[in-house]
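Single-letter residue listing:
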Amino acid sequence: MSVVIRIPLAILLVVASFIFKAPGWLPDALAILGYVIAGYDVVYRAFRNILRGRVFDEHFLMSLATVGAMVIGEYTEAAAVMIFYQVGEFFQDYAVDRSRRAIAQAMDLRPESARVLRDGEELVLSPEEVRVGETMLLRPGERVPLDGVILSGLTQMDTAALTGEALPREAGPGDEILSGCVNLTGVLTVRVSHSYDQSTVSRILEMVENATDKKSRQEAFITRFSAVYTPVVVILALLLAFVPPLIIPGAVLQDWVYRALNFLVVSCPCALVVSIPLSFFAGLGGASRAGVLVKGANYLEALADASTFVFDKTGTLTQGSFTVEDVVPRSITQEELLRLAALAERHSNHPIAQSIRSAWGKPLDEVTGEVRELPGGGVIAHIEGRQVLAGNARMLGEHGVAVPGVTSHGTVVHLAADGEYLGHLLISDLVKPCARLALEKLRAEGIEELVMLTGDTEQAGRAAAAGLAITQVHTGLLPQDKVAKVEELLAREDRRGRLVFAGDGVNDAPVLARADVGFAMGALGTDAAIEAADIVIMNDDPCKMAGALHIARRTVAIARQNAVFAIGVKFLVLVLSVLGLSTLWMAVLADVGVAVLAILNAMRALHVRRQDRMCACELTPSALAA
Amino acid sequence: MTKAYPIKGQVCAACAARVEKKIAALPGVIFARVNALTKKVTLEAAPERFPDVALEADRILRREEDGASLVVDR
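Residues numbered from 1 in each chain as written. Chains lettered and ligands numbered in written order. Predicted model: local features only at pLDDT ≥ 70, side-chain atom pairs only at ≥ 80, totals over all residues. Heavy atoms only, no water.

Let's talk about the overall build of chain A
And then number 1: Counting its regular elements, chain A contains 24 helices and 22 strands.
And then number 2: The C-alpha atoms of chain A give 34 Å as radius of gyration, which overshoots the globular expectation for 626 residues (25 Å, by more than 25%).
And then number 3: Here chain A, with 626 residues, has 52% of them falling under the buried criterion.
And then number 4: Excluding contacts between residues fewer than 6 apart, the proportion of contacts in chain A whose partners are at least 24 apart in sequence is 65%.
And then number 5: With an accessible surface of roughly 27900 Å², chain A has 59% of that area assigned to carbon and sulfur atoms.
And then number 6: When the 55 basic and 69 acidic side-chain charges of chain A are each reduced to a single mean position, those positions are 5 Å apart. (Helix = DSSP H or I, 4+ residues; strand = E, 2+ residues; numbered from the N terminus. Rg over C-alpha atoms; globule rule 2.2 N^0.38 Å. Buried < 20%, exposed > 50% of the residue type's maximum accessible area, 1.4 Å probe, protein only. Contact = heavy atoms within 4.5 Å. Areas by Shrake-Rupley, 256 points an atom, 1.4 Å probe, with all protein chains shown as cover. Lys, Arg positive; Asp, Glu negative; His and termini not counted. Charge placed at Lys NZ, Arg CZ, Asp CG, Glu CD.)

Right, here's the structure in full:
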C-alpha cells in the first residue's frame, strides 16, 4: 500500500487513540495499529537487511527506537515518531528527485526534434533518427539539435549554452555549428556531421554525469564518517540506556532508555550522505552552463584550493596564431615589400607564411619560378626574374646579405632581392585581449603566483608578460623543460595550495597531467590536451579561469556548510538527549529538517554569478582598448 | 560493449556502492558503475553477454534496494 494512503490512515488512528479512552486498552491498541500501518515496511526491511548482513542501517535504527519506545510503554509516541519519519523520508526523496531533475534539466540543452530533408521530403524526426550526412533545416529561434556544417544561409548564433558567451557569433556557409546553440536570425540548411550520441551536447552531458563518479575528498570523508558514526552512536545509546541507571542512585531505567532512544533516532547520517554529493553535482552542472567543463568533483575541490597558476604562453595567454605586426621597408614601399614576401611564402605551410599571406590578403596571380624552403631559415624564390630571399638574419647572412640589427619581441622576416636588402616584416603572436583582465581577476581572488612558461625567446616572453600581472616568466623552454619547471614549483617548501596549469597544445599534455589541476582551452586546443586536462574551457577565454575558480570555491563552501550544519545539529540533539532535554519528536524533526535544508542549500551551487559566466570584456568592448 | 541503463526508484548512496561491487563481480562484466545521483548503471561486457548481464544486474539491484529496478529493453 502506498505511503500516501497509509500515513493519513495512521494519523487518524493515533488521533483516535487520544479521543477514545474506553475500554482501557483501546488507546494503546489504536496507537499500535497506527504504528504498524505506518511503519511495517520499515521493520520488515530492517529484518531483511540484517539477514543480508547489513545491520546498522536507518531502518534498523528507526525500528529499534520505536520498538524500544513501545517497550517502555510509549505507544503513542512510537506511532507518532514512525509517522513523522515516513513523512520526512517522503519529502526527502521528493526533494532529492526534484533537485536532481532541476540540475539535469539545467544542463540538458537537447531539443526533442530535428527537421530533416530526406528524399526531397521535409520530415520532423527525433534527433536520434538522423543520420550523419543528412541535410538538416533550421529556422530562426530554434535550438540546434545536432552538430553540422552550414551548407547555405547566414545567421547569428547564440553559443551561451555551451560557452557562456554573451555576444552572438556570426556563422555562414562552411562554418561548423554545434548542438545546444540557438540559431538566432537566419534560415539554414546544414549537413549533419555527428550522430546524436556523438554530438557536442551529448558528450558534454556525459562528461558532467561521469564527473560525479570522481568523488571529492569531502565525499570520501562523508562515506567513511557515516560508516563509523552509526555503530558508535548505537553503542553509546546502549551504554546510555543501561549504565547510568546502574551507577547513578535514584536513576529511573525508563528515563534513560528514552534518552538512549533519542540517540538512535539521530544516529542516521542521511542528511550528510545525500546533500554533499548533491552539492558537488550542482556545482558541476552550474560550471558546465558557464562554459567550463569540469571532469571530476575532485578537480573542483582541488581548484578551490589553488594558490599557483602556471600558464603556457602560446595559445593560452596569446592568440596562438601569428600576425604581421609591422612592415618596415628600406627603399621600397610597404605594399611592395609585403607583396614580394607574400609571393615568396606562397607555397609554404609554415604559420609565419600563412600570416604573411593573410596580411597581404589579395590574390597572388603572378607567376613565380622555383621556390626552395630552408627549414629553420626561410625561403628562396625566383620572382619576376629576381632571386628573392625571405628569412631570418642568419639565412640572409649565409647568402651574403648584410642585415641590420633589429631588436624585437617577435619573429623578424628579412627580405632581399638579388643581394640587395629590402626591409623586414615583424610578426608576432598577440596577447589575448582578455588575458590582462583574467590575470587581474585571479590576483583579486588571492592567487599568489602567476607563472608564464614559453618556448619562445626571452624578448617574446617578456613582451607578452608586460602589462600582465605575471610574477614569474621562464622562456626558451622545451617541452621537457616545462615539466621540470612545474616539478620544481610543486616541490617548493613554502607552497601552500594546489598548482594549476593552463595550456592548449599537444606538447602541454604531459604538463597538464603533472599539475594538480590542468586547464585546457577548448576551441583552439588539440584533442590530446582536452583529453589530458581536468577542466576544459569551451571557448578558450582566459577570464573563464577566474570564473571557474570562484565556482569551485563556492561549491566547496556550500558542501562544507552542509556538513557543518548537519553534524552540528546532530551533535546538539545528542547532547540534549543525554541531558534529557530532547523528545523523540524533536529528534526526528532535527533529522528530517536538517536533511531537507541541506538539500535546498546544495541547490544553490547551481546558480553561477553573471561575472563568472560571462567575460567582462564581452560586455564592454571599450574595455579592450584600455 | 558499454551500455547504460536508467534506474527506476530510489537508491541511497551507500547502497549504490554495494550494488556496484556485486554487479562488477558478475561473470563477464569488465566494468560496472552505479551512479546514485544521475540514477544510471553503466555496464561494460562482451556484446554477447547483453542483455543477460543487464537482467542479472537488475536482479541484484532489486534484491539490495527495495523499490529500485533497472529499465532494460530486451
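Considering the interface of chain A and chain B
Where interface size is quoted, it is often the accessible area lost as the parts come together.
And then number 1: Contact with chain A, which involves 14 residues of that partner, is made by 14 residues of chain B.
And then number 2: For the pair chain A and chain B, the summed buried area comes to about 1400 Å², and 44% of that belongs to carbon and sulfur atoms.
And then number 3: In terms of surface lost to chain B, no three residues of chain A exceed Arg54(A), Arg100(A) and Asp213(A), which account for 37% of the buried area on that side.
And then number 4: The interface formed by chain A and chain B contains 2 salt bridges.
And then number 5: In this structure, the salt-bridge partner of Asp97(A) is Lys39(B), at a minimum N-O distance of 3.7 Å.
And then number 6: The interface formed by chain A and chain B contains 2 residue pairs in polar contact (both at pLDDT 80 or more).
And then number 7: Broken down by secondary-structure element, the contributors of at least two residues to the side of chain A that touches chain B are helix 2 (26–51), helix 4 (75–107) and helix 9 (270–289) of chain A. (Buried area = accessible area lost by both parts, 1.4 Å probe. Salt bridge = Lys/Arg side-chain N within 4 Å of Asp/Glu carboxyl O. Polar contact = N/O pair within 3.5 Å; in protein donor to acceptor, adjacent residues only side chain to side chain.)

Brief notes about the pattern of salt bridges
And then number 1: Scanning the model with the defined rule gives 22 salt bridges over all chains in all.
And then number 2: Close ionic contact of Glu56(B) with Arg49(B) constitutes a salt bridge, the shortest N to O distance being 3.6 Å. Just as Glu56(B) is buried, Arg49(B) falls in that class too.
And then number 3: For Asp58(B), the salt bridge identified is with Arg62(B), shortest N-O distance 3.0 Å. Of this pair, Asp58(B) and Arg62(B) both sit in helix 2 (residues 52–64), 4 residues apart, roughly one helical turn.
And then number 4: Here Asp58(B) falls in the buried class, since its relative accessible area comes to 9%.
And then number 5: Owing to a relative accessible area of 47%, Arg62(B) belongs among the partly exposed residues under this scheme.
And then number 6: When salt bridges that share partners are traced, they join Asp97(A), Arg100(A) and Lys39(B) into one network.

A short note on the packing of aromatic side chains
All names here are of chain A.
And then number 1: Summed over all chains, the structure comprises 5 aromatic pairs over all chains.
And then number 2: Summarising the aromatic geometry, the rings of phenylalanine 90 and phenylalanine 91 are spaced 6.2 Å apart at their centres and angled 70° between planes, so their arrangement reads as edge-to-face.
And then number 3: Taking the relative accessible area as the measure of exposure, phenylalanine 90 reaches 42% and is therefore partly exposed.
And then number 4: Relative accessible area serves as the criterion here: at 46%, phenylalanine 91 is assigned to the partly exposed category. (Phe/Tyr/Trp six-rings, centres within 6.5 Å; stacked < 30°, edge-to-face > 60°.)

Structural notes on the packing of helix 8 (residues 253–266) of chain A against helix 20 (residues 543–578) of chain A
All names here are of chain A.
And then number 1: Taken N-terminus to C-terminus, the directions of helix 8 and helix 20 make an angle of 170°; their axes are 8 Å apart at the nearest point. One finds that helix 8 runs roughly antiparallel with respect to helix 20. The residues of helix 20 that touch helix 8, namely those facing Trp256, Arg259, Asn262, Phe263 and Val266, are Lys570, Val573, Leu574, Ser577 and Val578.
And then number 2: A class-by-class count of the residues in the contact of helix 8 with helix 20 yields 6 nonpolar, 2 polar and 2 charged. (Axes fitted to C-alpha atoms, helices over the stretch in contact; angles between N-to-C directions. Parallel < 35°, antiparallel > 145°, perpendicular 65-115°, else oblique. Nonpolar A, V, L, I, M, F, W, Y, C, P; charged D, E, K, R; others polar.)

Structural notes on the domain arrangement of chain A
And then number 1: Assigned domains within chain A: domain 1 (3–103 + 214–280 + 554–606), domain 2 (112–145 + 147–193), domain 3 (297–317 + 432–533) and domain 4 (319–430).
And then number 2: Computed over C-alpha atoms only, the centres of domain 1 of chain A and domain 4 of chain A are separated by 79 Å. (Domains from an automatic or database assignment.)

Comments concerning empty space enclosed by the protein
Residues and elements named next belong to chain A.
And then number 1: Across all of its chains, the model carries 4 cavities of 30 Å³ or more by this definition.
And then number 2: Within this model, the largest cavity holds a volume of roughly 70 Å³.
And then number 3: Around the largest cavity, the lining residues are Ala106, Met107, Leu109, Ala161, Leu162, Val201, Ile204, Ser288 and Arg289.
And then number 4: Secondary-structure elements contributing two or more residues to the lining of the largest cavity are helix 4, helix 5 (160–163), helix 6 (200–211) and helix 9.
And then number 5: Per-class residue counts for the lining of the largest cavity are 7 nonpolar, 1 polar and 1 charged.
And then number 6: Taken as a whole, the second largest cavity holds about 50 Å³ of empty space. (1 Å grid on protein atoms, 1.4 Å probe; cavity = no way out; pocket = protein on both sides within 12 Å on 5 of 7 lines; lining within 4 Å. Points joined across faces, edges and corners; volume = space filled by probe spheres on them.)

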